[in-house]
Amino acid sequence: EVQLVESGGGLVQPGGSIRLSCEASGFSVSRTYMSWVRQAPGKGLEWVSIVYRSGSLYYADSVKGRFTLSRDISKNMLYLQLNSLRADDTAVYYCARDEWFYNDGSGYYAFDSWGQGTLVTVSS
Amino acid sequence: DIQMTQSPSSLSASVGDRVTITCRASQRIDTSLNWYQQKPGKPPKLLIYAASTLQSGVPSRFSGGGSGTDFTLTISSLQAEDFATYYCQQSYDTPRRTFGQGTKVEVK
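In this text, all values refer to a predicted model and were calculated from it rather than measured experimentally.

### Comments concerning the nonpolar core
Within the largest apolar cluster, 46 residues are counted, with the highest numbers of intra-cluster contacts made by Trp36, Leu80, Leu82 and Tyr93 of chain A together with Phe99 of chain B. Top element by residues in this core is strand β9 (residues 91–103) of chain A. It accounts for six residues. Beyond its immediate sequence surroundings of up to four residues, tyrosine 93 of chain A is in contact with Glu6, Leu20, Trp36, Val37, Arg38, Phe67, Leu80, Leu82, Gly117, Thr118 and Val120 of chain A. Grouped together as the second largest cluster of nonpolar side chains are 25 residues, Val19, Leu47, Leu73 and Cys88 of chain B included.

As structure tokens, then:
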């Protein structure tokens, strides 16, 4: 069974840092794309970052230079280091498997598995 | 960057109603469009990928359509468990994954 479990959220002061973890089971994080998606309280979903199977990393413009995604293949874990945090980074952070689906001769990516999320609150 | 716009932002409906939600992309995305359902306090759940393919285990009352820039999610006969917020998401503009702002389906 595919499972994702996030941890590490909490209350952080503006300008502070925090590290989120995502433990994957039932599949290998090295064999698929993995993303972090966040959701501010009462708001919609915002894609944050992605790691390809190759290890290539990409970020949303809103977090580029402040957040760093990493993975530990031996532990089947995904991490998100959040630095220089601002009040508008307050959100539930989800890790999600960005799975490849083959359909009608073409490939498509979709988030087919999600963790329960971990809340990061940036406040003084 | 590709922007995704859903309409309406919210709607009120009754059990048994046919409900349609629209998603428009700011540029062509072929059929690289996914739909998710999210209930309060829960993570999103994948309903449809590639614009019209039902994810395993999703009831057949859900259907998706469209290509290019205009897409729809239809619930043929709304059930009590379908009251939720629905999001579209594009996966064409790799590596970015853009979501629509969401459509909340509420009880009339």
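### Examining the sheet that holds strand β8 (residues 77–82) of chain A
Residues and elements named next belong to chain A. Here we have four strands laid out as an open sheet, ordered β1-β3-β8-β7, and antiparallel in their pairing. The two strands at the open ends of the sheet, each matched to only one other strand, are β1 (3–7) and β7 (67–72). Geometrically, the sheet is characterised by an average inter-axis angle of 15° between neighbouring strands, direction not taken into account.

### Here's the deal with the side chain of aspartate 112 of chain A
One can find aspartate 112 of chain A in strand β10 (residues 106–114). When its relative accessible area of 18% is taken as the criterion, aspartate 112 of chain A is described as buried. One polar contact links aspartate 112 of chain A to arginine 97 of chain A, side chain to side chain, over a distance of 2.6 Å. Leave out the neighbours within four places in its chain, and aspartate 112 of chain A touches Arg97, Glu99 and Phe101 of chain A together with Leu46 and Gln55 of chain B.

### Observations regarding the state of the cysteines
Disulfide: a covalent bond connecting the sulfur atoms of a pair of cysteines. This model, assessed by the stated rule, comprises two disulfides over all chains. Each sulfur in the disulfide pair cysteine 22 of chain A and cysteine 95 of chain A lies 1.9 Å from the other. Residues cysteine 22 of chain A and cysteine 95 of chain A are joined by a disulfide whose S-S torsion is about 55°; by sign, that bridge is right-handed. Of the two residues, cysteine 22 of chain A sits in strand β3 (residues 18–25) while cysteine 95 of chain A sits in strand β9, which places them 73 residues apart along the sequence. The buried category is assigned to cysteine 22 of chain A, whose relative accessible area is 1%. Paired through a disulfide, cysteine 23 of chain B and cysteine 88 of chain B show a sulfur-sulfur distance of 2.1 Å. Every disulfide takes its handedness from the sign of the S-S torsion; for cysteine 23 of chain B and cysteine 88 of chain B that torsion is 70°, giving right-handed. Placement of the pair is cysteine 23 of chain B in strand β3 (residues 19–25) and cysteine 88 of chain B in strand β9 (residues 85–90), with a sequence separation of 65 residues. The pair cysteine 23 of chain B / cysteine 88 of chain B is uniform in exposure class, with both members buried.

### Concerning the packing of aromatic side chains
Enumeration according to the criterion identifies 13 aromatic pairs over all chains in this entry. With centroids separated by 5.1 Å and ring planes inclined at 50°, the aromatic side chains of tyrosine 52 of chain A and tyrosine 58 of chain A adopt a geometry described as tilted. Residue classification places tyrosine 52 of chain A among the buried positions, given a relative accessible area of 12%. Here the aromatic residues Tyr94, Phe111 and Trp114 of chain A together with Tyr36 and Phe99 of chain B are joined through ring pairs into a cluster of three or more. Positioned above the aromatic ring of tyrosine 79 of chain A, the side-chain terminus of arginine 19 of chain A is 3.9 Å from the ring centre.

### Section: the pattern of salt bridges
Under the criterion given, the structure shown has 14 salt bridges over all chains. A salt bridge links arginine 38 of chain A to glutamate 46 of chain A, with the nearest nitrogen and oxygen atoms 2.7 Å apart. Look at glutamate 46 of chain A and you get partly exposed, because its relative accessible area is 29%. Its salt-bridge partner being glutamate 106 of chain B, residue lysine 104 of chain B comes within 3.8 Å of it at the nearest N-O pair. Lysine 104 of chain B gets classed as partly exposed once you look at its relative accessible area, which sits at 43%. Residue classification places glutamate 106 of chain B among the partly exposed positions, given a relative accessible area of 32%.

What counts, and at which threshold
- Residues numbered from 1 in each chain as written.
- Chains lettered and ligands numbered in written order.
- Predicted model: local features only at pLDDT ≥ 70, side-chain atom pairs only at ≥ 80, totals over all residues.
- Heavy atoms only, no water.
- Core = buried A, V, L, I, M, F, W, Y, C linked by side-chain atoms within 4.5 Å.
- Buried < 20%, exposed > 50% of the residue type's maximum accessible area, 1.4 Å probe, protein only.
- Helix = DSSP H or I, 4+ residues; strand = E, 2+ residues; numbered from the N terminus.
- Contact = heavy atoms within 4.5 Å.
- Pairing = 2+ DSSP bridges.
- Axes fitted to C-alpha atoms, helices over the stretch in contact; angles between N-to-C directions.
- Polar contact = N/O pair within 3.5 Å; in protein donor to acceptor, adjacent residues only side chain to side chain.
- Disulfide = S-S within 2.5 Å.
- Phe/Tyr/Trp six-rings, centres within 6.5 Å; stacked < 30°, edge-to-face > 60°.
- Lys NZ or Arg CZ within 6 Å of the ring centre and 35° of its normal.
- Salt bridge = Lys/Arg side-chain N within 4 Å of Asp/Glu carboxyl O.

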